[in-house]
Amino acid sequence: MSYGGGYGGGGGYGGGYGGGAGAGYGPPPGAPPSYGGGGPGGFSAGPPQGPPPGADPQLWNWFAAVDTDRSGNISALELQKALINGDWTPFDLDTVKLLMSIFDTDRSGTIGFAEFAGLWKYIKDWQNVFRHFDRDHSGSIDGRELQQALGQFGYNLSPQLLHLVEKKYDVDKGSGPVAPGAPPAGITFDRFVRACVVIKTLTESFQRLDDNRDGWIQINYDQFMQTVLSSP
Ligand SMILES: [Ca+2]
Ligand SMILES: [Ca+2]
Ligand SMILES: [Ca+2]
């Protein structure tokens with residue numbers, strides 16, 4: 001008995017995910033590109049007066065627009081205010097924090113301009129992925145669209161697992177009756193990104209523990225808790 005549908009059978013989990021370029025439609029790679037890398041951002045001496053040398057002026061304009069208090073860094077709340085779902089609902093703070101955790105490479109708690117370039121590209125890439133899989137252009141991802149997306153990423157989740165993911169990330173499904181003025185049924189952009197990142201991270205945690213790739217792992221309580229608690 002093998003774990004989770006196609007796992008272990010060639011096109012199993014992780015197979016098509018983030019792998020080779022051009023191999024179907026994949027999500028953006030999870031690892032942030034290494035920008036600059038040298039030292040702290042360089043904006044520590046007061047608010048920036050203009051873009052750093054060589055910066056993309058358009059990108060700088062976006063950065064400046066998001067950095068509403070002109071501190072030279074973008075906070076979680078500034079980022080949340082700047083991000084809007086296709087249906088004009090605000091971004092989930094959980095997703096904002098997840099994005100910050102991926103791109104705040106110097107662990108300053110905020111996004112500097114160098115970090116912003118990667119974040120901006122990541123969001124734009126995800127927007128393209130989202131549009132691609134939102135087949136009916138409803139502005140949200142329903143169960144079937146989710147199945148297609150995860151399947152193409154190489155995750156062959158069982159119907160029960162797919163249902164669980166849907167329930168967890170679809171606001172309406174999780175919280176009972178739909179209130180008037182609530183966002184349309186389905187998973188909004190922010191939650192779709194989070195769902196995919198969580199599934200990717202958990203799968204990778206499993207893969208790391210599954211040395212012989214047979215779809216089974218044996219872990220103790222400590223390892224289990226570590227795996228769960230260190231996932232986004
Ligand atoms: Ca700021
Ligand atoms: Ca930072
Ligand atoms: Ca849709």
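The name an unreviewed UniProt entry gives the protein chain is EF-hand domain-containing protein, with Hermanssonia centrifuga as the organism. On record in UniProt, under Subcellular location (unreviewed entry), the comment for the protein chain is "Cytoplasm".

### Details of the coordination of the calcium ion (ligand 1)
At this site the calcium ion (ligand 1) is bound by Asp67 (OD), Asp69 (OD), Ser71 (OG), Asn73 (O), Glu78 (OE) and Glu78 (OE), with donor distances of 2.2 to 2.5 Å. Around the calcium ion (ligand 1), the six donor atoms are arranged such that angles at the metal cover 54 to 158°; this shape is classified as irregular. Each donor residue of the calcium ion (ligand 1) lies on the same chain, and together they follow the pattern D-x1-D-x1-S-x1-N-x4-E. Note on Ser71: relative accessible area 34%, which makes it partly exposed.

### Quick word on the coordination of the calcium ion (ligand 2)
Protein-derived coordination of the calcium ion (ligand 2) comes from Asp104 (OD), Asp106 (OD), Ser108 (OG), Thr110 (O), Glu115 (OE) and Glu115 (OE), at a distance range of 2.2 to 2.6 Å. In this structure, the calcium ion (ligand 2) is coordinated by six donor atoms arranged in irregular fashion, with angles at the metal of 52 to 154°. Each donor residue of the calcium ion (ligand 2) lies on the same chain, and together they follow the pattern D-x1-D-x1-S-x1-T-x4-E. With a gap of 11 residues between them, Asp104 in the loop between helix H3 (93–103) and helix H4 (113–133) and Glu115 in helix H4 connect regions that are remote in the sequence.

### Things to note about the side chain of Thr203
Looking at where Thr203 falls in the secondary structure, it is placed in helix H8 (residues 189–209). For Thr203, the side chain forms a polar contact with the main-chain oxygen of Ile199, separated by 2.6 Å.

The rules behind these values
- In every chain, residue numbers begin from 1 and rise along the written sequence.
- Just so you know, chain letters begin at A and ligand numbers begin at 1, following the order they were written in.
- The model is predicted, so local features are restricted to residues of pLDDT at least 70 and side-chain atom pairs to those at 80 or more, both for listing and for counting; the totals for chains, interfaces and linings are taken over all residues.
- With hydrogens and water excluded, all non-hydrogen atoms of the structure serve as input to the side-chain values.
- UniProt positions are given in the numbering used here, feature names are shortened, and annotations may be inferred rather than shown by experiment.
- As a rule, N, O and S atoms within 2.8 Å of a metal are its donors, except that Na, K and Ca use 3.2 Å; water is not among the atoms, so sites may look incomplete.
- By the criteria applied here, four donors are tetrahedral when all angles lie between 85 and 135 degrees, four are square planar and six octahedral when opposite donors are over 155 degrees apart and every other angle lies between 65 and 115, and any other arrangement is irregular.
- Buried means the residue's accessible area, taken with a 1.4 Å probe over protein chains only, is under 20% of the maximum for its type, while exposed means over 50%, and partly exposed covers the values in between.
- Here a strand is any run of E in DSSP of at least two residues, a helix any run of H or I of at least four, and the numbering for each starts at the N terminus.
- Counting of polar contacts relies on pairs of N or O atoms within 3.5 Å, with two restrictions inside protein: one atom must be capable of donating a hydrogen and the other of accepting it, and residues adjacent in sequence are counted only when both atoms are side-chain atoms.

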